[in-house]
Amino acid sequence: MGATGQYITAVRAYVVGGGGGDYHDQGQEHWIVNEIATPMSIYPEYKQTRTSFGINLLKTLVVEVETTKGEVGIGISTGGYPAAWVVANHLERFIIGQPVENIEKMWDQMYRATMYYGRKGLVMNAISAVDLALWDVLGKIRKEPIYSMIGGLVRDEQPCYATGPRPDLAKEMGFIGGKMPLQYGQIDGEEGLSKNMEKAALMRERVGNDFWLMWDCWVALDLPYAQKLMDRSTELGFKWVEECFNPEDYWSYKELKRRADNKIMVSGGEHDASRYGFRMLIEFCDIDILQPDVSWCGGLTELIKIGNLAESHGKYVVPHGSGVYSYHYVMTKTNSPFAEYIMMSPEADRVVPQFYPLLKEEIIPVNGKVRLSEKPGFGVELNENAVLQEIKKGVEVF
């Protein structure tokens, strides 16, 4: 019998539309789906919006795990129907019947069993959601917040920077910096680069010299364009350039970092996964800031391993988004001195929860800073009015 005396008796996988974990599932008025440089920007027919090439089609994945005494844990990711099918038809066999505290064993079995078709992307998203649900339910059973279970707080509040098109508004809200989505990529040539820099100069003028500015390049660039962007942004005092390349193109990351010459930081990792991908970013590429998404990289179990590896190499770990799931981690780590908040209001003019409208009592920054409660687990519950479509074992969704 496990130490808690409880076992997992059920795993449930749901799909939800209209925001939540899949925060790109928004209306066309939302800044996050409007014209932003993407890998598909080289094709004119898919250049204007992210939704034009289907970024919002998968929807949100919600996983619940339930124990012998009826405790329920919740994990959230993207991946929608196919990820939910993987959870219900493959991963659940490694979870049901296990002692609740056997998280490491369950993670390892899920990863090994899907290695031949997983390792990154959709399958790792599914594993992440299950893992987060397991941590959540363990915290509820032990009546402890997650941060207490993984080492305790190293600070009482966490400063955040805001990702969105209006750093000037983010400054007014108390954030320490603003990361802007890059609008024009290499397909737009020198004219597009000039337009990017005009916006950068305007925002620098509005926010002053001490407020951080950064670029979110969203895997859209090639090395020559990224170098030009980096050089010109350095002149405006930008703090870093983020995720410029195909996540598999470690060689371009390595070269960009070499060319940065310590005048500006290079960051990435949002779309990478597992300790193995991040080992490449750390040891081969030597980038400055690692940005794993706890809902995509393998969950909290794997994020802890990634973070320990990064810490041993003197690197920052500043997870991509993921709201409260990330905050419980970063507030236990000295090499995670700040966090990201993604501006989820359509005009980037209000602070709303990242997983809105899916979760209730979700922690959000106040005056640009986050404070965690002492509620057990991750401290959140699903909203009663959330429209959940359960994907059951054996059900065809394709």
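Preceding this paragraph is the structure being described.
Worth saying up front: this structure is predicted, and the values here are computed from it rather than measured. (Residues numbered from 1 in each chain as written. Predicted model: local features only at pLDDT ≥ 70, side-chain atom pairs only at ≥ 80, totals over all residues. Heavy atoms only, no water.)

Draft legend 1. A look at the packing of aromatic side chains. In this structure the tally under the stated criterion is 15 aromatic pairs. A centroid spacing of 4.9 Å and a plane angle of 65 degrees characterise the contact between Y116 and Y117, whose relative ring orientation is edge-to-face. Here the aromatic rings of W212 and F338 are separated by 4.9 Å at their centres, their planes lie at 75 degrees, and the arrangement is edge-to-face. With W212 in strand β6 (residues 212-216) and F338 in the loop between α11 (323-330) and β11 (339-342), this residue pair connects regions lying 126 residues apart in the sequence. (Phe/Tyr/Trp six-rings, centres within 6.5 Å; stacked < 30°, edge-to-face > 60°. Helix = DSSP H or I, 4+ residues; strand = E, 2+ residues; numbered from the N terminus.)

Draft legend 2. Quick look at the pattern of salt bridges. Counted according to the given criterion, the structure contains 27 salt bridges. A salt bridge links K59 to D25, with the shortest nitrogen-to-oxygen separation between them at 3.2 Å. On the criterion of sequence distance, the pair formed by K59 in the loop between β1 (8-16) and β2 (60-67) and D25 in the loop between β1 and β2 is long-range, its members being 34 residues apart. Judged by its relative accessible area of 22%, K59 falls in the partly exposed class. Of the charged contacts, one joins D136 and K140 as a salt bridge, the two residues approaching to 3.1 Å between their closest N and O atoms. With a gap of four residues between them, D136 and K140 both fall in helix α3 (residues 122-142), about one helical turn apart. You can call D136 buried: its relative accessible area is 0%. Through salt bridges with shared partners, a single ionic network connects R12, E64 and E66. (Salt bridge = Lys/Arg side-chain N within 4 Å of Asp/Glu carboxyl O. Buried < 20%, exposed > 50% of the residue type's maximum accessible area, 1.4 Å probe, protein only.)

Draft legend 3. Region of interest: the sheet that holds strand β3 (residues 72-78). The strand order β3-β2-β1-β15 describes an open sheet built from four strands, whose pairing is antiparallel. Strands with a single pairing partner mark the edges of an open sheet, and in this sheet they are β3 and β15 (389-391). Here the strands of the sheet are splayed against their neighbours by 30 degrees on average, with no regard to which way each runs. (Pairing = 2+ DSSP bridges. Axes fitted to C-alpha atoms, helices over the stretch in contact; angles between N-to-C directions.)

Draft legend 4. Spatial organisation of unusual backbone geometry. The step from Y356 to P357 runs through a cis peptide bond, and the omega angle for that step is 5 degrees. For P357, the location among the structural elements is in the loop between β11 and β12 (359-360).

Draft legend 5. Representation of the environment of Q28 within the structure. With respect to the secondary-structure elements, Q28 resides in the loop between β1 and β2. With 23 residues separating them along the chain, Q28 and T51 place their C-alpha atoms 8.2 Å apart. There is a polar contact of 2.8 Å between the side chain of Q28 and the side chain of T51. (Polar contact = N/O pair within 3.5 Å; in protein donor to acceptor, adjacent residues only side chain to side chain.)

Draft legend 6. Structural view of the nonpolar core. With 121 residues, the main nonpolar core has I95, W215 and Y325 as its most contacted residues. If one sorts the elements of this core by residue count, α3 sits on top with 13 residues. Excluding anything up to four places from it in sequence, Y325 contacts I74, G75, I76, L132, V294, F355, F378 and V380. Counting residues in each nonpolar core, the second largest holds seven residues, with M214, W240, I289 and F338 among its members. (Core = buried A, V, L, I, M, F, W, Y, C linked by side-chain atoms within 4.5 Å. Contact = heavy atoms within 4.5 Å.)

Draft legend 7. Geometry of the environment of V72. With respect to the element layout, V72 can be found in strand β3. Distance in space between the C-alpha atoms of V72 and I127 is 17 Å, their sequence separation being 55 residues. Excluding anything up to four places from it in sequence, V72 contacts R12, E64, V65, E66, D136, V137 and K140.

Draft legend 8. Geometry of the packing of helix α6 (residues 189-207) against helix α7 (residues 223-235). The interhelical angle for the contact between α6 and α7, taken along N-to-C directions, is 30 degrees, at an axis separation of 11 Å. When the axis of α6 is compared with that of α7, the two are roughly parallel. As α6 runs across α7, the sense of the crossing is right-handed. Two secondary-structure elements touch here, α6 through G189, E190, G192, L193, S194, N196 and M197 and α7 through Y225, K228, L229, R232 and S233. Here the residues of the contact of α6 with α7 are counted per class, giving four nonpolar, five polar and three charged. (Parallel < 35°, antiparallel > 145°, perpendicular 65-115°, else oblique. Left-handed = near helix turned anticlockwise from the far one by under 90°. Nonpolar A, V, L, I, M, F, W, Y, C, P; charged D, E, K, R; others polar.)

Draft legend 9. A look at a nonpolar patch on the surface. A contiguous nonpolar surface patch, about 360 Å² in accessible area, is contributed by I42, Y43, Y46 and I187. In this structure, Y46 sits in the loop between β1 and β2. (Patch = residues over 30% accessible without salt bridge, like charges linked within 9 Å, V, L, I, M, F, W, Y side chains within 5 Å. Areas by Shrake-Rupley, 256 points an atom, 1.4 Å probe, with all protein chains shown as cover.)

Structural measurements only, silent on function.
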